[in-house]
Amino acid sequence: MTNHTPYRGPLKALILDWAGTTVDYGCFAPVEAFVEVFKRHGLALSSEQVRAPMGLEKKDHIRAIVRTPDVAEHWRVIHGHDCVESDIDAMYEESITIQIAAVVEYSDLIPGTLETVQYCRSRGMKIGSSTGYSQSIMNRLLPVVSQHGYTPDAAVTPSSVPQGRPAPWMIYQNAIQLEVYPMAALVKVGDTIPDITEGLNAGVWTIGLTQTGNELGLSPIEVEALSSDELEMRLGLIESRLREAGAHYVVRTIADVPPILADIEMRLQQGEEP
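Conventions used here
- Residues numbered from 1 in each chain as written.
- Predicted model: local features only at pLDDT ≥ 70, side-chain atom pairs only at ≥ 80, totals over all residues.
- Heavy atoms only, no water.
- Buried < 20%, exposed > 50% of the residue type's maximum accessible area, 1.4 Å probe, protein only.
- Helix = DSSP H or I, 4+ residues; strand = E, 2+ residues; numbered from the N terminus.
- Contact = heavy atoms within 4.5 Å.
- Phe/Tyr/Trp six-rings, centres within 6.5 Å; stacked < 30°, edge-to-face > 60°.
- Axes fitted to C-alpha atoms, helices over the stretch in contact; angles between N-to-C directions.
- Parallel < 35°, antiparallel > 145°, perpendicular 65-115°, else oblique.
- Left-handed = near helix turned anticlockwise from the far one by under 90°.
- Nonpolar A, V, L, I, M, F, W, Y, C, P; charged D, E, K, R; others polar.

Caption draft 1: The arrangement of helix α9 (residues 193-202) in detail. For α9, the complete set of buried residues consists of P194, D195, I196, E198, G199 and A202. The inward-facing, buried residues of α9 abut α8 (169-178), β3 (186-190), β4 (205-209) and α11 (228-244). Directly after α9, the chain includes G203, whose backbone phi takes a positive value near 80 degrees.

Structural data, given as structure tokens:
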């Protein structure tokens, strides 16, 4: 028998995704990189094909793309054989160079990022992060974003853990580096289903974002061009997918996160857990 006492204290850390959550409104940097890599190997893929596995570690992302039936068949026609691990390794290495340039181009902060981070810090919370990007890519992105005023207390990549999303290891590593526990005192925010499953697997609260990320995949200008009815319809479908994946909360952008944190703390005080 166990005598488990629910955690009733304050939130201690916010773990933020990168592309589509804090930077790169619409999540374009990885899309452009993968479209270009596959083009070099004879395959003209649509952004929809490339976006489908978004949120995974980038080699896993490439692997997921080439395992879809249409892409697998197209690869066989072009190359005369199945896409094997050596092909995936080669494309991954090519993609790193392209993505290093792309993440700088799309490094502008998403509106609300600094305000939400400041809100958390004012409440004594620490800021961590997880990503599908490798350490080499983040080494280029972090200094640029720091110039924009955003520097998380921890920035964990798949390069430093056994496996990327949906495994929980990056969130656990954040908890170690930030020296925070229990996991019920942490919140994960992201724009993809792998973000949500990562958080659920780690036992933390999860908040999904609908408007600024990969699921919608539009720039601020493109969002503004949509009618309010069209935008609401699209965001509603994205919200349904994120909730079906298990997200505890779903909001439009990182700017909408602070009120959710207050609600989570109320639930914690009542003895609820993620």
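Caption draft 2: Quick peek at the packing of aromatic side chains. Inspection of the entire model under this criterion finds three aromatic pairs. Judged by centre distance (5.4 Å) and plane angle (45 degrees), the ring pair of W18 and Y150 falls under tilted. Remark: Y150 occurs in the loop between α7 (135-147) and α8 and W18 occurs in the loop between β1 (13-16) and α1 (29-40); sequence separation between them is 132 residues. An angle of 25 degrees between the planes, with centres 6.0 Å apart, marks the rings of F28 and Y106 as stacked. Placement of the pair is F28 in the loop between β1 and α1 and Y106 in the loop between α5 (85-105) and α6 (113-122), with a sequence separation of 78 residues.

Caption draft 3: Up close: the packing of α5 against α7. Two numbers describe how α5 lies on α7: the axes approach to 9 Å, and their chain directions differ by 15 degrees. By the angle between their axes, α5 is roughly parallel relative to α7. Note that α5 runs across α7; the crossing there is right-handed. Facing α5, whose interface residues are I96, Q99, I100, V103 and V104, α7 presents S136, I137, R140, L141 and V144. Taken together, the residues of the contact of α5 with α7 break down into seven nonpolar, two polar and one charged.

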